[in-house]
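What follows is the residue order along each chain.
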Amino acid sequence: MPALYIGHGAPPLLDDPLWSGQLASWAQDLPRPTAILIVSAHWESAPVTLSANGAPLVYDFGGFAPRYYQMTYETPDATALAQRVAAMMPATEPVHQHAGRGLDHGAWVPLKIMYPDGDIPVLQMSLPTSDPTRLLELGKRLRPLRDEGVLIIGSGFLTHGLPFLTDWRLDAAAPGWSKDFDAWAADALSRGDVDALANYRAEAPGMPYSHPTVEHYTPLFVTLGASTDPETPGEQVIDGFWMGLSKRSLQVA
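What you see is a predicted model, and the numbers here were worked out from it, not measured in a lab.

Pulling in residues and values, what's your account of the pattern of salt bridges?
For the structure shown, the criterion picks out 10 salt bridges. Taking the shortest distance from any N to any O, the salt bridge between D15 and R67 comes out at 2.4 Å. One end of the pair, D15, is in the loop between β1 (3–7) and α1 (17–29); the other, R67, is in the loop between β3 (49–50) and α2 (79–88), with 52 residues separating them in the sequence. Given a relative accessible area of 41%, D15 falls into the partly exposed group. One salt bridge in this structure joins R32 and D119, with 3.3 Å as the shortest N-O distance. Note that R32 is positioned in the loop between α1 and β2 (35–44) and D119 in the loop between α3 (105–114) and β5 (122–127), a separation of 87 residues in sequence. Classification of R32 by relative accessible area gives exposed; the value is 55%. The structure contains a network of salt bridges with shared partners spanning D167, R169 and D171.

Right, here's the structure in full:
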């Protein structure tokens, strides 16, 4: 299986025919996963923590239509994958099994589009750090899962300067800081320049407006770490903007 970095949007993504169509088409072009392991920007917790089977979805958003808070996404038991992931971690980094946390919207919103039948086991892993080096190493440990048919997904948003948005339409023009960061990242990704991507605080234009907090960017490094060679450029499958934020998404082999 490849590994993906996707922009997950917000619940209204489910009603956006363009972006949802892009995600659905992408999923159809992939081999069918045996299971999905997803790391979302919306669950930062150390040590590494895993979601619970059968737990209710996390509706970690506000101000949207009531129907979004009634949505469900039931998937098969992912216990076997959870046990496999725990066994892959070194003794110095124990894995915690959360007793009651389900998938947050960084996981279930895009997955409802990509795999609407909900017939693939899904396990969510917490984002344990914002350090790119450590996240690359985490992805490297998870890499063997790809040979077992597991789809590894880092879920974030390539730009996420929500406090600085002034136009909340889905087709709003992208602010300069969002366009600049997106162009810089697209270039670095096209060259496989992992060092530049990791040094984004100093090198990327549009900072810190594009990422006043960095949790939507850093899942990228789990994806790159899980690739066969992080410095081999992946395929930038989706680009463009949504509410002025970059939805650029990546597939690596």
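Describe empty space enclosed by the protein, listing the residues and the values that go with them.
For the coordinates displayed, the defined rule picks out 1 cavity of 30 Å³ or more. Counted by class, the lining of the largest cavity contains 7 nonpolar, 3 polar and 1 charged residues.

Give a detailed account of a negative patch on the surface, specifying residues and quantitative values.
Side chains of D195, E203, D229 and E231 sit close together on the surface and give a patch of like negative charge. Assignment of secondary structure puts D229 in the loop between α8 (219–226) and β7 (235–238). On the basis of relative accessibility, which here comes to 37%, the residue D229 falls in the partly exposed class.

Please give an account of helix α4 (residues 132–142) that cites residues and values.
Where α4 is concerned, the buried positions are P132, L135, L136, L138, G139 and L142. Down the axis of α4, the smallest arc covering the buried residues is 160 degrees, so these residues share one side.

Any details on the side chain of R101? Residues and values, ideally.
As for its placement among the helices and strands, R101 is situated in the loop between β4 (96–97) and α3. Classification of R101 as buried rests on a relative accessible area of 11%. Separated by 3.2 Å, the side chains of R101 and D104 make a polar contact. Aside from chain neighbours lying at most four places away, what touches R101 is H42, W43, S51, A52, A55, V58 and Q124.

Explain α1 to me, using residue names and the numbers behind them.
Along its 13 residues, α1 runs 18 Å from first to last C-alpha, staying within 8% of the 18 Å computed at 1.5 Å per residue. Turning to α1, its buried residues are W19, S20, L23, W26 and A27. End-on view of α1: buried residues confined to an arc of 125 degrees, all on one side of the axis. Away from its buried face, by an angle of more than 90 degrees, α1 presents the exposed residues P17, L18, Q28 and D29. Those residues of α1 hidden inside the fold are in contact with β1, α3, β7, β8 (241–242) and β10 (249–252). Measuring from the backbone nitrogen of L18 back to the side-chain oxygen at the start of α1 gives 3.0 Å, which picks out D16 as the cap.

Conventions used here
Residues numbered from 1 in each chain as written. Predicted model: local features only at pLDDT ≥ 70, side-chain atom pairs only at ≥ 80, totals over all residues. Heavy atoms only, no water. Salt bridge = Lys/Arg side-chain N within 4 Å of Asp/Glu carboxyl O. Helix = DSSP H or I, 4+ residues; strand = E, 2+ residues; numbered from the N terminus. Buried < 20%, exposed > 50% of the residue type's maximum accessible area, 1.4 Å probe, protein only. 1 Å grid on protein atoms, 1.4 Å probe; cavity = no way out; pocket = protein on both sides within 12 Å on 5 of 7 lines; lining within 4 Å. Points joined across faces, edges and corners; volume = space filled by probe spheres on them. Nonpolar A, V, L, I, M, F, W, Y, C, P; charged D, E, K, R; others polar. Patch = residues over 30% accessible without salt bridge, like charges linked within 9 Å, V, L, I, M, F, W, Y side chains within 5 Å. Areas by Shrake-Rupley, 256 points an atom, 1.4 Å probe, with all protein chains shown as cover. Lys, Arg positive; Asp, Glu negative; His and termini not counted. Charge placed at Lys NZ, Arg CZ, Asp CG, Glu CD. Arc of directions from axis to C-beta. Polar contact = N/O pair within 3.5 Å; in protein donor to acceptor, adjacent residues only side chain to side chain. Contact = heavy atoms within 4.5 Å. Expected span 1.5 Å × (residues − 1).

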